[in-house]
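One letter stands for each residue in the lines below.
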Amino acid sequence: MCIRDRSRDSIRLFFLIAALNDLPVLSADIKNAYLSAPIKEKYYIIANKELGLNPEWNGKPCRVVRALYGLPVAGASFRAYLAKHLTELGYMPCKADRDVYLRPFERDGEKLYQMAVCYVDDILVCGVRPKDQMDEIESKFELKKGSVQEPDTYLGANIEKIVINDGSPKTCWGISSTNYTSKVIAEVERVIGSGQYGYMYLPKKAVSTPLASGYRPECDESRELDNEEQNCYQLLVGILRWLAELGRLDILHPVSLMSRYLAQARIGHMNQVLRIFAYLKGYGKSKI
């Protein structure tokens, strides 16, 4: 299981546990996350006027001491730095997913766990008093202003709080890809409308299936895509794969079929990928 798959499942389990134990949830973003973390590796740059430093330093080497965005070690350095501070606050990483942290506490004699889930600089917490948990984290990191709130989006997915009243109200959480779907369809239509790829189009008529009936991608004999077109194909398939991971199980099999041609696709394959976007445009709502 890849890291992204594990994180997706961990988030769903997080909301399930919060609902089962009637625990409130808060989310927040860490401001300038990577820049808060030190690095052990030795990197340096040559100072120049673009850096806005003292002119006397121009042309001199300057050591990089923070995890600047773009450094190969930036992600790992921040992850280790965040883990260090959460451990100091009493959290312990879960054995199944090292980005899920647990801290025991009691509620009316009942033993429970406070939880924190981290995906780079996006944090989710749940507990009896999640605001106190966020305040503890904010004592270690600067959080983006106004970001501490009940989550409405996370990793591109819509998060919705649902109250079910069947005699005794119960809070549940729903996850959907509605907004992300709308945004990517609009972006695909923008790229097509630019005329960069003359043959690319979304079917004008509504389509009820992701792939054309009877289409066999392994038998497609249309022209192979050039390098630029192939990069576009890989980008579109990557977007569709993330949509499938967000819960669009109805496109899982078609996207899996079209992913077989990431190394070299054909025009026919590209048109079928665009057909999947047209299908999503007509059936854009999903909730799990």
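Placed above this text is the structure.
A.B. asks: Can you help me understand the sheet that holds strand β10 (residues 170-176) in this one?
C.D. replies: By way of backbone hydrogen bonds, the strands of a sheet pair with one another, either parallel or antiparallel. Judged by pairing direction, the sheet is antiparallel, and its 3 strands sit side by side in the order β8-β9-β10 without closing on themselves. Unpaired on one side and paired on the other, β8 (153-154) and β10 mark the two borders of the sheet. The pairing of strand β9 (residues 157-164) with β10 spans 7 bridges and is antiparallel. Counted as the bridge partner of Glu160 is Gly174 from β10.

A.B. asks: Looking at this structure, how should I read helix α5 (residues 227-245)?
C.D. replies: For the α-helix, the turn length of 3.6 residues means that residues three or four positions removed from each other point alike. Along its 19 residues, α5 runs 27 Å from first to last C-alpha, staying within 8% of the 27 Å computed at 1.5 Å per residue. The complete set of buried residues in α5 reads Glu229, Gln230, Cys232, Tyr233, Leu236, Val237, Ile239, Leu240, Trp242, Leu243, Ala244 and Glu245. Two or three places before Glu228, at the opening of α5, Asp226 has a side-chain oxygen 3.2 Å from that residue's backbone nitrogen. Directly after α5, the chain includes Gly247, whose backbone phi takes a positive value near 130 degrees.

A.B. asks: What's the story with the pattern of salt bridges in this structure? I'm lost.
C.D. replies: Side chains bearing opposite charge may pair, as long as their charged atoms lie close to each other. The full count for this structure, using the stated rule, is 15 salt bridges. When the shortest N-O distance is used, the salt bridge between Arg103 and Glu136 registers 3.0 Å. Here Arg103 is found in strand β5 (residues 100-107), whereas its partner Glu136 is found in helix α3 (residues 130-138), with 33 residues between them in sequence. The exposure class of Arg103 is buried, given its relative accessible area of 13%.

A.B. asks: I tried to follow the sheet that holds strand β7 (residues 122-126) on my own but got confused; where do I start?
C.D. replies: Read from one edge to the other, the open sheet built from 5 strands follows the order β1-β7-β6-β5-β4, with strand pairing classed as antiparallel. Each edge of the sheet is formed by a strand with only one pairing partner; in this case those strands are β1 (25-29) and β4 (92-93). Bridge analysis of β5 against strand β6 (residues 110-119) gives 8 bridges, and the strand direction is antiparallel. When the bridges of β6 are listed, Arg107 appears paired with Glu110. In the packing of α3 onto the sheet, contacts are made with β1, β5, β6 and β7, and the angle to β7 comes to roughly 140 degrees.

A.B. asks: Would you explain the nonpolar core in this entry?
C.D. replies: Where a protein is soluble and globular, its nonpolar side chains tend to be buried together. If you look at the biggest cluster of nonpolar residues, it comprises 32 residues, and the most contacted ones within it are Tyr233, Leu236, Leu240, Ile251 and Phe277. With 9 residues, helix α7 (residues 267-282) is the single largest residue contributor to this core. Here Phe277 is in contact with Val184, Ile185, Val188, Leu202, Leu236, Ile239 and Leu240, once residues within four sequence places are set aside. Formed by 27 residues, the second largest nonpolar core is a distinct cluster that contains Ile30, Ala67, Leu89 and Tyr101.

A.B. asks: Whenever I open this one, the packing of aromatic side chains confuses me. Can you help?
C.D. replies: Geometry of an aromatic ring pair is reported as the spacing of the ring centres plus the angle between the planes. Considering all chains together, one arrives at 7 aromatic pairs under this definition. Each ring, one from Phe15 and one from Trp173, has its centre 5.3 Å from the other, and the planes form 45 degrees; the classification is tilted. Of this pair, Phe15 sits in helix α1 (residues 3-20) while Trp173 sits in strand β10, placing them 158 residues apart in sequence. A relative accessible area of 3% means that Phe15 is categorised as buried. Among the aromatic residues, ring-to-ring pairing joins Tyr34, Tyr69, Phe78, Tyr81 and Phe141 into one connected group.

What counts as what
Counting of residues starts from 1 at the beginning of each chain's written sequence and follows it residue by residue. Only residues with pLDDT of 70 or above have their local features reported here, since the model is predicted, and side-chain atom pairs are shown and tallied only from 80 upward, although totals for entire chains, interfaces and linings are computed over all residues. Excluded from the side-chain calculations are hydrogens and water; all other atoms, namely the structure's heavy atoms, are used. Two strands pair if DSSP finds at least two bridges between them. Secondary structure elements follow DSSP: runs of H or I no shorter than four residues count as helices, runs of E no shorter than two count as strands, and numbering proceeds from the N terminus. The span one expects for a helix is its residue count, reduced by one, times 1.5 Å. With a 1.4 Å probe rolled over the protein chains alone, any residue whose accessible area is under 20% of its type maximum counts as buried; one over 50% counts as exposed, and the rest are partly exposed. In protein, a polar contact means a hydrogen-donor-capable atom and an acceptor-capable atom, both N or O and within 3.5 Å, with residues adjacent in sequence counting only if both atoms are side-chain atoms; elsewhere, any N or O pair within 3.5 Å suffices. The salt bridge criterion pairs a side-chain nitrogen of Lys or Arg with a carboxyl oxygen of Asp or Glu, the two atoms within 4 Å. The contact rule is simple, with two residues in contact once any of their heavy atoms fall within 4.5 Å. Axes, fitted as lines to C-alpha atoms, cover a helix only where it is in contact. Angles between the N-to-C directions of the axes lie from 0 to 180 degrees. In this description, a nonpolar core means a group of buried Ala, Val, Leu, Ile, Met, Phe, Trp, Tyr and Cys residues linked to one another through side-chain atoms lying within 4.5 Å. Aromatic rings from Phe, Tyr and Trp, taking only the six-membered ring of Trp, are treated as a pair when their centres fall within 6.5 Å; an angle between ring planes under 30 degrees marks them as stacked, one over 60 as edge-to-face, and anything in between as tilted.

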